[in-house]
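Take a look at the letters that make up each chain.
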Amino acid sequence: MTRRLAWAFVTLLALVAAACAKTAYTNRSQLLLISEGQEVALGLQSAQEVLKKEKESGDDLQVERVKRVGQRIAVAANKPDYKWEFRLIEKDTVNAFCLPGGKVFVYTGILDLTTSNDELAAVMGHEIAHALLRHGGERVSMALMAQMGGQAASLALGSSVSPAASQVFNQVYGVGAQVGVMLPHSRSQESEADEVGMILAAKAGYEPSGALSLWRKMDAYAKSKGQNAPGWLSTHPTTEDRIAAIKSKMGAIRAKYYQRQALR
Ligand SMILES: [Zn+2]
């Protein structure tokens, strides 16, 4: 190794160390090459794109329901720097997502599959958990590392959003011709979002078993659609393992976080 290369390597290690953070609740180390502020700025920009392309539901009752359940989970998430907003999109696709910064979109296609607010809370808790745990930023960082190698690490020091980061963010969040079609999360991010999503729903007063009935339903729905599982389902592997993991964590989460409330 030449001296120059060695220096580059040491610098890279230092930057990577500086860019390492810990996730809320699960305390996992993660590599983040973009700051939370950059992530939020990109999230807000993407939310504008989504609103330009999608049609909001005119069903006042359901719009209010999504806002009410979402707001309760937002309070549980305790993220005051996020500007929470909950929108119901009129589209028969099984989809929901939360952009960094707190813009949450639920599609009527997924809402129609939920038969209780506990199940709706499981959908929103899961999506809000992805944002809270900065899974998007982590995926952008990994993609940047893969594309740019050592150079990517220097992005961690910049205060403005680099064009490369912005481009990768749009790929990860599916902001383009087809909005809301994201790249799938990793398996570990999925199980983390399941766990933290259940915690948030329970803290908000929703029965955490809503996650169990939701994923059983999703599993059956995905199987009925075969390879053509749309939107949300194509990015969320629903397996026996996942349902077993939810089951195994549910009791402890309920005991620690859930307080039965008479919620509308
Ligand atoms: Zn997910």
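Scroll up to find the structure.
Read on for an overview of the structure. Just so it is clear, the model here is predicted, and its values are computed rather than measured.

Structural notes on the pattern of salt bridges
Right, so step 1: Per the counting criterion, the structure on display carries 18 salt bridges.
Right, so step 2: Residues Glu85 and Lys103 are paired through a salt bridge, measuring 3.4 Å at the closest nitrogen-oxygen approach. Here Lys103 lies in strand β5 (residues 103-107) and Glu85 lies in strand β3 (residues 85-89), a separation of 18 residues in the sequence.
Right, so step 3: Asp194 is paired through a salt bridge with Arg242; the nearest N and O atoms lie 2.7 Å apart. Placement of the pair is Asp194 in helix α9 (residues 187-203) and Arg242 in helix α12 (residues 240-257), with a sequence separation of 48 residues.
Right, so step 4: A residue is classified by how much of its surface remains accessible, and Asp194, at 9% relative accessible area, is buried.
Right, so step 5: Overall, the relative accessible area of 7% leaves Arg242 in the buried class.
Right, so step 6: Salt bridges linked by common partners bring Glu56, Glu85, Arg87 and Lys103 together as one network.

Regarding the coordination of the zinc ion
Ideal geometry at a metal centre: 109.5 degrees between donors when four sit tetrahedrally, and 90 or 180 degrees when six sit octahedrally.
Right, so step 1: Note on the zinc ion: its protein donors are His126 (NE2), His130 (NE2), Glu190 (OE), Glu190 (OE) and His236 (NE2). The metal-donor distances range over 2.0 to 2.7 Å.
Right, so step 2: Written as a sequence motif, the donor residues of the zinc ion are H-x3-H-x59-E-x45-H. Here His130 is found in helix α5 (residues 117-132), whereas its partner Glu190 is found in helix α9, with 60 residues between them in sequence.
Right, so step 3: Judged by relative accessible area, His130 falls into the buried class, the value being 4%.
Right, so step 4: Residue classification places Glu190 among the buried positions, given a relative accessible area of 2%.

Digging into empty space enclosed by the protein
Right, so step 1: In total, this model carries two cavities of 30 Å³ or more according to the counting rule given.
Right, so step 2: In this structure, the second largest cavity occupies an estimated 60 Å³ of space.
Right, so step 3: As for the second largest cavity, its lining consists of Asp118, Ala122, His126, Asp194, Gly197, Met198, Ala201, Glu207, Pro208, Ala211 and Trp215.
Right, so step 4: When contributions to the lining of the second largest cavity are tallied by element, the ones reaching two or more residues are α5, α9 and α10 (210-225).
Right, so step 5: In terms of residue count, the dominant contributor to the lining of the second largest cavity is α9 (four residues).
Right, so step 6: Residue classes in the lining of the second largest cavity are distributed as six nonpolar, two polar and three charged.

Points about the packing of aromatic side chains
Right, so step 1: With the rule as written, the count across this model stands at five aromatic pairs.
Right, so step 2: Between Phe97 and Phe105 the ring centres are 5.2 Å apart and the planes differ by 35°, which places this aromatic pair in the tilted class. The same class applies to Phe97 as to Phe105, namely buried.
Right, so step 3: Each ring, one from Phe97 and one from Tyr107, has its centre 6.2 Å from the other, and the planes form 40°; the classification is tilted. Of the two residues, Phe97 is situated in strand β4 (residues 96-99) and Tyr107 in strand β5; the sequence distance between them amounts to 10 residues.

Thoughts on the nonpolar core
Right, so step 1: Trp84, Val106, Met124, Ile128 and Trp232 are the most contacted members of the largest nonpolar core, which totals 51 residues.
Right, so step 2: For this core, the element with the highest residue contribution is α5, accounting for nine residues.
Right, so step 3: Once residues within four sequence positions are removed from consideration, Ile128 is found in contact with Ile73, Ala77, Trp84, Phe86, Cys98, Val104 and Leu200.
Right, so step 4: Within the second largest apolar cluster, 19 residues are counted, among which are Leu33, Phe97, Phe105 and Tyr173.

Topic: the sheet that holds β3
The pairing of strands in a sheet comes from backbone hydrogen bonds and takes either a parallel or an antiparallel form.
Right, so step 1: Taking strand neighbours across the sheet as the criterion, the three strands line up as β3-β5-β4 in an open arrangement whose pairing is mixed. Every other strand in the sheet has two partners, leaving β3 and β4 as the edge strands with one partner each. Direction aside, the axes of adjacent strands within the sheet are offset by 15° on average.
Right, so step 2: The sheet contact formed by β4 and β5 spans four bridges and is antiparallel. Looking at β5, one finds that Cys98 is bridged to Val104.

Some remarks on the environment of Gln261
Right, so step 1: With respect to the secondary-structure elements, Gln261 resides in the segment after α12.
Right, so step 2: Along the chain, Gln261 and Ala204 lie 57 residues apart, while their C-alpha atoms are 9.1 Å from each other.
Right, so step 3: What Gln261 contacts, discounting residues up to four positions off in sequence, is Ala204 and Gly205.

With respect to the pairing of β4
Right, so step 1: The alternating pattern of β4 places Ala96 and Cys98 and Phe97 and Leu99 on opposite faces, both of which are buried.
Right, so step 2: Here β4 folds back onto β5 in antiparallel fashion, the turn holding three residues, of which Gly101 has a positive phi close to 110°.

Thresholds applied
- Residues numbered from 1 in each chain as written.
- Predicted model: local features only at pLDDT ≥ 70, side-chain atom pairs only at ≥ 80, totals over all residues.
- Heavy atoms only, no water.
- Salt bridge = Lys/Arg side-chain N within 4 Å of Asp/Glu carboxyl O.
- Helix = DSSP H or I, 4+ residues; strand = E, 2+ residues; numbered from the N terminus.
- Buried < 20%, exposed > 50% of the residue type's maximum accessible area, 1.4 Å probe, protein only.
- Donors = N, O, S within 2.8 Å, 3.2 Å for Na, K, Ca; no water.
- 1 Å grid on protein atoms, 1.4 Å probe; cavity = no way out; pocket = protein on both sides within 12 Å on 5 of 7 lines; lining within 4 Å.
- Points joined across faces, edges and corners; volume = space filled by probe spheres on them.
- Nonpolar A, V, L, I, M, F, W, Y, C, P; charged D, E, K, R; others polar.
- Phe/Tyr/Trp six-rings, centres within 6.5 Å; stacked < 30°, edge-to-face > 60°.
- Core = buried A, V, L, I, M, F, W, Y, C linked by side-chain atoms within 4.5 Å.
- Contact = heavy atoms within 4.5 Å.
- Pairing = 2+ DSSP bridges.
- Axes fitted to C-alpha atoms, helices over the stretch in contact; angles between N-to-C directions.

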